[in-house]
2 protein chains.
Amino acid sequence: MSNQDPNRTRRRRGSARPTLKEVAAAAGVSSITASRALNAPERVNEETRKRVLEAVDRVGYVPNLVAGSLASARSRFIAVIVPSLANAVFIEVIKGLQDTFEARGYQILLGNTDYDLQREQQLVRTFLGWSCSALVTAGLRHSEGCSALLSNWDKPIMEVMELGEALDLNVGLDHEEAGRCMTRHLLERGYSSIVYVGACMDRDYRAHMRFWGHRQVLEAAGLAAPLIELDRLGSLEAGAAGLDRALAEFPDTQAIHFANDDLATGALLHAQRLGLRVPEDIAIAGFNGLPLGQHVTPSLTTIQSPREAMGRQAAEQVLRRLDHQPVTRRQQDVGFQLLVGQST
Amino acid sequence: MSNQDPNRTRRRRGSARPTLKEVAAAAGVSSITASRALNAPERVNEETRKRVLEAVDRVGYVPNLVAGSLASARSRFIAVIVPSLANAVFIEVIKGLQDTFEARGYQILLGNTDYDLQREQQLVRTFLGWSCSALVTAGLRHSEGCSALLSNWDKPIMEVMELGEALDLNVGLDHEEAGRCMTRHLLERGYSSIVYVGACMDRDYRAHMRFWGHRQVLEAAGLAAPLIELDRLGSLEAGAAGLDRALAEFPDTQAIHFANDDLATGALLHAQRLGLRVPEDIAIAGFNGLPLGQHVTPSLTTIQSPREAMGRQAAEQVLRRLDHQPVTRRQQDVGFQLLVGQST
DNA sequence: CGCTAACATGGTAGCGCTACCATCACGAAT
DNA sequence: ATTCGTGATGGTAGCGCTACCATGTTAGCG
């Protein structure tokens, strides 16, 4: 016969870490007071609070956030879903989000879809399961199941990158207009044989939207809008290949409008290796305004998108909602800027 | 008088989402069987399992992962702590980690220290509170409090990037040796006035380790090892500034050994703008082997570090531990490769 | 025919915390 | 003196799930 209560022989589950109860005991208060001392200091006497904090240090207490989230039915997680980590653009948006959210005590849950909408749906399911406080996702296109999951959800949803018919909040820029803007510039410069080169545009549909804008302007001017689609994602290598294909397939090409700066810069550097003069022999334009393109000679003509600012603004909108403050505009256009370099 | 049980008047806490209990009721089984059908299919009759899965779809059940984690005292989170998101190097390591962990159903919790060890400690506290399954952190240097927190922790800890005295697991490369390797190459090429240019080396101490290696080789050859420290983080701009300072402060410089490829490429492009011939007038070397440096003309001499592979290998080691498989080597050297370009 | 083992399922008691309500002391207002 | 508010604290009942143990139920075996 054990000298212990028989139902105490059951071994302790959970971790061996001290709990709030032990902190409370050490401070001589109830556990709920200890909880308040940590999470709502204004509701506890200054003296008591100090005693609790001292006890926390003494016993080496680390709050169990899982338990807290279950009890309060909310975590301080922000789900962030992007299509790729290989693209500097998303990294910078994430950086803007992370800086803003972390400063307010929120933790980012990062998900990567690899441009797969089914994968996005799966991530959304998982993230809903974590009781996230909000969800930020890149783009307005989702699978049907994903939209269904989200429309039944009562937390803020922020769609970034582009503008359009959004589920809830929306911060981004008009890609079609960006495409038009660049192509207008190319026409003004006097080029008329202009090729558009994109990479995996079935997946990167924002690049496709820019192409639409591009084509509108050319058609309005009575010009053809030849398109070259590369079957690998944007990179310097792909850009070089794009230049080769454009020159081979359309020998009289005067200018190439690339879907992004990686491609454009790759082409620009490749042109130099081939001994082509930019822009005299071939003009080159990009999109994004990455630092890289501004440091090559000739500097790249491109469109500057405010990526980190977009992340910050999106985060601020979401935070405003989480603080129950009125959100003035559900849709916010961060705009863009034509950066005329020496390559056109 | 309400027709409801009085203690039901209390409004429902938690979310309004269906729970496992409701799934179980819909499938005509107990909740524990429903739980097993989802999490341990082999322990449930095939027929029953199908009925449960069908009920899941019907009621639109999304598992509450917070509750599951509390009950089982483990989440499927992997904490990942890096000093910066602005640096492509860490992004690629994260990519390797993320791909490997996501494929096995683990979710990454990303933390950014901004090169601040106190911030790291705070992140570690938070992450311990989430019952993470493992922690991956960049670097071997931690605050005292951080080491204390981690040494009392019973889950796998992986330190990546460099090699040395680790808390638990360690995957990385020898930065001192990398510095030696590059400088030996520069000596072989016949340069003797070699300047090292780093950025924020008090924080980026791995760059400092490479400088030590660099200095050892020069001192062994009886040469001076002048150092220029820039006070902003690595970027193309900073590299350009580094070149200017090196030429101003050490006019007879023949070669510059930069702490990373961003700096080196910035300097290389700047040299072209200044009309300097590379490597005849000035030789330039970098570190990392970023694609960028391989696409400029002349191509950059650098050291290729296997970043994504480092992330993958680190993740695999951790997974092996989580699967209770023996870990053969707690320390794993991923090595590096001298990439001789046209810039030296 | 009883005994064991393996399989399938269920009941129950937490995991560690917080929401909700209750209590009590004290001073201000009536 | 009574009422009311306010500030500080505590008790308790969950949050939704899984670990642990218990209970059938069937098949296999000597």
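Computed from a predicted model, the values in this text were never measured in an experiment.

Draft legend 1. Summary view of the packing of aromatic side chains. The full count for this structure, using the stated rule, is nine aromatic pairs over all chains. For the ring pair Phe77 of chain B and Trp130 of chain B, a centre distance of 6.3 Å and an interplane angle of 80 degrees mean the geometry is edge-to-face. Within this pair, whereas Phe77 of chain B is found in strand 1 (residues 77-82), its partner Trp130 of chain B is found in the loop between helix 6 (117-129) and strand 3 (134-138), the two being separated by 53 residues in sequence. Residue classification places Phe77 of chain B among the buried residues on the basis of a relative accessible area of 0%. Between Tyr196 of chain B and Phe211 of chain B the ring centres are 5.2 Å apart and the planes differ by 55 degrees, which places this aromatic pair in the tilted class. Of the two residues, Tyr196 of chain B is situated in strand 6 (residues 194-199) and Phe211 of chain B in helix 9 (residues 205-220); the sequence distance between them amounts to 15 residues. Pair check on accessibility: Tyr196 of chain B and Phe211 of chain B agree, each one buried. Taking NZ or CZ as reference, Arg210 of chain A lies 3.9 Å from the ring centre of Phe287 of chain A, over its face. If you follow Arg141 of chain B out to its NZ or CZ, it ends over the ring of Tyr205 of chain B, 3.9 Å from the centre.

Draft legend 2. Representation of the sheet that holds strand 8 (residues 255-258) of chain A. Residue and element names in this part refer to chain A. Pairing within the open sheet is parallel, and its four strands lie in the order 7-6-8-9. In the strand order of this sheet, the two ends are held by strand 7 (227-230) and strand 9 (283-285), each with one partner. For this sheet, the mean angle separating the axes of adjacent strands, direction not counted, is 20 degrees. Bridge count between strand 6 (residues 194-199) and strand 7: four bridges; the pairing is parallel. By the bridge assignment, Val197 is partnered in strand 7 with Ile228. Here helix 9 (residues 205-220) sits on the sheet and contacts strand 6, strand 7 and strand 8; the angle it forms with strand 6, its principal contact strand, is near 170 degrees. Strands strand 6, strand 7 and strand 8 of the sheet are contacted by helix 10 (residues 236-249), whose axis makes an angle of about 145 degrees with strand 7.

Draft legend 3. Seen up close, the environment of Ser305 of chain A. All names here are of chain A. Inspection of the secondary structure puts Ser305 in the loop between strand 10 (302-304) and helix 13 (307-322). Through-space distance from the C-alpha of Ser305 to that of Gly129 is 34 Å; in sequence the pair is 176 residues apart. When near neighbours in sequence (up to four residues on either side) are disregarded, Ser305 contacts Leu173, Phe287 and Asn288.

Draft legend 4. Up close: the interface of chain B and chain A. Taken together, the 49 residues of chain B in the interface contact 49 residues of chain A. When the buried surface of chain B facing chain A is broken down by residue, Val66, Trp130 and His295 of chain B rank first, second and third, together holding 16% of it. Taken together, chain B and chain A are joined by two salt bridges. When the shortest N-O distance is used, the salt bridge between Arg119 of chain B and Glu102 of chain A registers 2.5 Å. Mapped onto the side of chain B that touches chain A, the elements with two or more residues apiece are helix 4 (65-72), helix 5 (88-103), strand 2 (107-112), helix 6, helix 10 (236-249), helix 11 (261-274) and helix 12 (291-295) of chain B. Looking at the side of chain B that touches chain A, the element that brings in the most residues is helix 6 of chain B, giving seven residues. Here the side of chain B that touches chain A is built from residues that sort into 27 nonpolar, 14 polar and eight charged.

Cut-offs and rules
Residues numbered from 1 in each chain as written. Chains lettered and ligands numbered in written order. Predicted model: local features only at pLDDT ≥ 70, side-chain atom pairs only at ≥ 80, totals over all residues. Heavy atoms only, no water. Phe/Tyr/Trp six-rings, centres within 6.5 Å; stacked < 30°, edge-to-face > 60°. Helix = DSSP H or I, 4+ residues; strand = E, 2+ residues; numbered from the N terminus. Buried < 20%, exposed > 50% of the residue type's maximum accessible area, 1.4 Å probe, protein only. Lys NZ or Arg CZ within 6 Å of the ring centre and 35° of its normal. Pairing = 2+ DSSP bridges. Axes fitted to C-alpha atoms, helices over the stretch in contact; angles between N-to-C directions. Contact = heavy atoms within 4.5 Å. Buried area = accessible area lost by both parts, 1.4 Å probe. Salt bridge = Lys/Arg side-chain N within 4 Å of Asp/Glu carboxyl O. Nonpolar A, V, L, I, M, F, W, Y, C, P; charged D, E, K, R; others polar.

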